[in-house]
Amino acid sequence: MSGTSADGIDVALVRVDPKRKSAGSHGRENRVTARRGSHFLAAEIRFELLGHIHFAYPKSVRTAVLTAMNASHASVADLARLNFLLAELYAEAILAAQSKFRVRPQLVGCHGQTLYHQGEAESFLGRKIAVTWQTGEGAVIARRVGVPVVSDFRPADMAARGKGAPLVPFLDFRLYRDMRIGRIVQNIGGIANLTAIPANARAEQVVAFDTGPGNMVIDAVTERLFGHSFDRDGRIAATGSVIPEVVENILRQSFFRKPPPKTAGREEFGRDFVRLFLQRCRRSAKADVVATATALTARTITDAIRRFVMKRGTGYRELIVSGGGASNPTLLAMLANELSPLGLSLRFSDEFGFPSAAKEAAAFALLAYQTWNRRPSNVPSATGAKHPVILGKISYV
Ligand SMILES: Nc1ncnc2c1ncn2[C@@H]1O[C@H](COP(=O)(O)OP(=O)(O)O)[C@@H](O)[C@H]1O
Ligand SMILES: [Mg+2]
């Protein structure tokens, strides 16, 4: 997995097994039963995280990825090169994970790097179309690693009129569903997205959508004002004061008022958004700007929960955080503050056996497994797709 933060590659090694009865010796095992006749597979899957590593992109690669994401004009040759170059990096990351954990994978699921995502149809050459583009050539990864690769997961959902995102609810539903309490699973990557699972939910009751910026705006202002690629441990934000008017003002933007399903990316919260954000914060101390960007993430998450998730009878009690933002204590403190009036307590993905940084990568292992078995894995209530569909494309060895 490599997300919109463009920080690098997360590799998760996951054992997926439909039959085994006994638990493995390491990692955490989750027993999953899906219902026959629903759009999920009619079989039991067990999955277990065996290991996880993060590889930071080399600085030049990160710059190239960010440049491509933000470009209004780009070189076709460079984009083609990036597709093959990223594939080499993905393959190296997988091979390194394989030797570190001494596990030879049989199948790879690779999300790729999103260069452009527009979940909402817009006019182009006389037609309205929604589009997405993840890069990182599956054929190259398959050849280097020597196993089949499932890649390019999002287009099939969009072809079925879905927004192509979020896809992680497939895992979230299986991992966090509880009989007695409702849970909100909040990933804080570049973008923040949530999966809300009511108590004793059926898959069709799952609500999932992007709430807005996760670390993307924090990273961008920290880079601009302090020259660091992110605000490590939220230390800068901790020394600043939030400018409440800026946060309130941004919350009135149409994205936040729009009901789900909805998706966001650098198209919404990238360079242009950050330019306006910095203008709104001008004349404030630099640390206040980082604190305000951090508060914006916390506020937009809780605002989305209040507007679109909290309904009577769903029994929401917990918010489970994952993603890089779960390592930012200043952000978490702000979030916890906002959550307590909603009766939600803060928990961590790590407590459920899936470390914050591993969860999204693990989700794509599970999605690949589904595809390999010709089974659907989009969650139509999350993406807005008309049908369950089999996601991805397979590159054979
Ligand atoms: N120790 C930390 N302190 C603060 N922020 C962190 C820390 N570790 C990671 N992050 C944030 O998490 C981001 C990466 O999160 P990730 O979940 O990988 O996002 P994505 O899926 O978009 O790549 C980094 O860009 C950074 O902003
Ligand atoms: Mg990342």
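The coordinates are above.
Residues numbered from 1 in each chain as written. Chains lettered and ligands numbered in written order. Predicted model: local features only at pLDDT ≥ 70, side-chain atom pairs only at ≥ 80, totals over all residues. Heavy atoms only, no water.

**Q** Quick question: what am I supposed to make of the overall build of the protein chain here?
**A** Across its full length, the protein chain carries 15 helices and 13 strands. The globule rule puts the C-alpha radius of gyration for 397 residues at 21 Å, and the 20 Å found for the protein chain is close to it. Principal-axis analysis of the C-alpha atoms places the extent of the protein chain at approximately 60 × 55 × 50 Å. Across the 397 residues that make up the protein chain, the buried fraction comes to 56%. Considering only residue pairs separated by 6 or more positions, the protein chain has 72% of its internal contacts joining residues 24 or more positions apart. For the protein chain, the exposed area adds up to about 17,600 Å²; of that, 51% sits on carbon and sulfur atoms. Here the protein chain contributes 53 positively and 34 negatively charged side chains, and the mean placements of these two sets differ by 5 Å. (Helix = DSSP H or I, 4+ residues; strand = E, 2+ residues; numbered from the N terminus. Rg over C-alpha atoms; globule rule 2.2 N^0.38 Å. Buried < 20%, exposed > 50% of the residue type's maximum accessible area, 1.4 Å probe, protein only. Contact = heavy atoms within 4.5 Å. Areas by Shrake-Rupley, 256 points an atom, 1.4 Å probe, with all protein chains shown as cover. Lys, Arg positive; Asp, Glu negative; His and termini not counted. Charge placed at Lys NZ, Arg CZ, Asp CG, Glu CD.)

**Q** When you look at the site of ligand 1 in this model, what are you seeing that I'm missing?
**A** Contacts to ligand 1 come from 18 residues, most closely from Ser-5, Gly-190, Asp-219, Asp-233 and Gly-324. In the environment of ligand 1, an oxygen atom lies 2.8 Å from a nitrogen or oxygen atom belonging to the backbone of Ser-5. Between an oxygen atom of ligand 1 and a main-chain N or O atom of Gly-324, the distance comes to 2.8 Å. Grouping the amino acids of the shell around ligand 1 by side-chain chemistry returns 2 nonpolar, 11 polar and 5 charged. (Near = heavy atom within 4 Å. Polar contact = N/O pair within 3.5 Å; in protein donor to acceptor, adjacent residues only side chain to side chain. Nonpolar A, V, L, I, M, F, W, Y, C, P; charged D, E, K, R; others polar.)

**Q** What is the right way to read the sheet that holds strand β11 (residues 316-322) from this model?
**A** Across a sheet, strands are paired by hydrogen bonds formed along the backbone, either parallel or antiparallel in direction. Across the sheet, which stays open at both edges, the 5 strands sit in the order β10-β9-β8-β11-β12 with mixed pairing between neighbours. The open sheet has two free edges, formed respectively by β10 (207-213) and β12 (345-348), since each of these has just one partner strand. Strand after strand, the sheet turns through a mean of 25 degrees between neighbouring axes, direction not considered. Helix α5 (residues 169-176) contacts β8 (182-188), β9 (191-197), β10 and β11 of the sheet and is inclined by roughly 45 degrees relative to β9. (Pairing = 2+ DSSP bridges. Axes fitted to C-alpha atoms, helices over the stretch in contact; angles between N-to-C directions.)

**Q** How should the pattern of salt bridges be read in this particular structure?
**A** Between side chains of opposite charge, a pair can form as their charged atoms come close. Under the criterion given, the structure shown has 17 salt bridges. As a salt-bridge pair, Lys-393 and Asp-152 come within 2.7 Å of each other at their nearest N and O atoms. A residue pair is termed long-range when its members are at least 10 positions apart, and Lys-393 in strand β13 (residues 393-395) and Asp-152 in the loop between β7 (149-151) and α4 (154-159) qualify at 241 residues. A salt bridge links Arg-183 to Glu-318; the nearest nitrogen and oxygen atoms lie 2.9 Å apart. With Arg-183 in strand β8 and Glu-318 in strand β11, the pair connects residues that are 135 residues apart, well separated along the chain. Per residue, the accessibility class of Arg-183 equals that of Glu-318, and both read buried. Residues joined by salt bridges that share partners form a network here, namely Asp-178, Arg-183, Glu-318, Arg-347 and Glu-351. (Salt bridge = Lys/Arg side-chain N within 4 Å of Asp/Glu carboxyl O.)

**Q** I'm lost on the nonpolar core in this one. Help?
**A** A general tendency of soluble globular proteins is for nonpolar side chains to be buried together. Counting residues in each nonpolar core, the largest one holds 51 residues, and the members touching the most others are Ile-184, Val-221, Phe-269, Phe-277 and Ile-305. Filtering out sequence-adjacent residues up to four positions away, Phe-277 remains in contact with Val-217, Val-221, Val-246, Ile-250, Val-289, Thr-292, Ala-293 and Leu-296. Listed in part, the 41 residues of the second largest apolar core include Phe-47, Ala-201, Ile-320 and Ala-365. (Core = buried A, V, L, I, M, F, W, Y, C linked by side-chain atoms within 4.5 Å.)

**Q** For this particular structure, what's the right way to read the pairing of β8?
**A** The two faces of a sheet get side chains in turn, since along a regular strand they alternate between them. Across the 7 residues that make up β8, a large majority, 7, are buried. Side chains Gly-182, Ile-184, Gln-186 and Ile-188 of β8 all project onto a buried face; the interleaved residues Arg-183, Val-185 and Asn-187 project onto the opposite face, where all are buried too. Strand direction decides the pairing type here: β8 and β11, joined by 6 bridges, are parallel. Within β11, the residue paired with Val-185 across the bridge is Ile-320. Sheet topology note: the β8/β9 ladder contains 6 bridges and is antiparallel. Directly across from Arg-183, in β9, lies its bridge partner Ile-197. Between β8 and β9, which pair antiparallel in sequence order, lie 2 residues.

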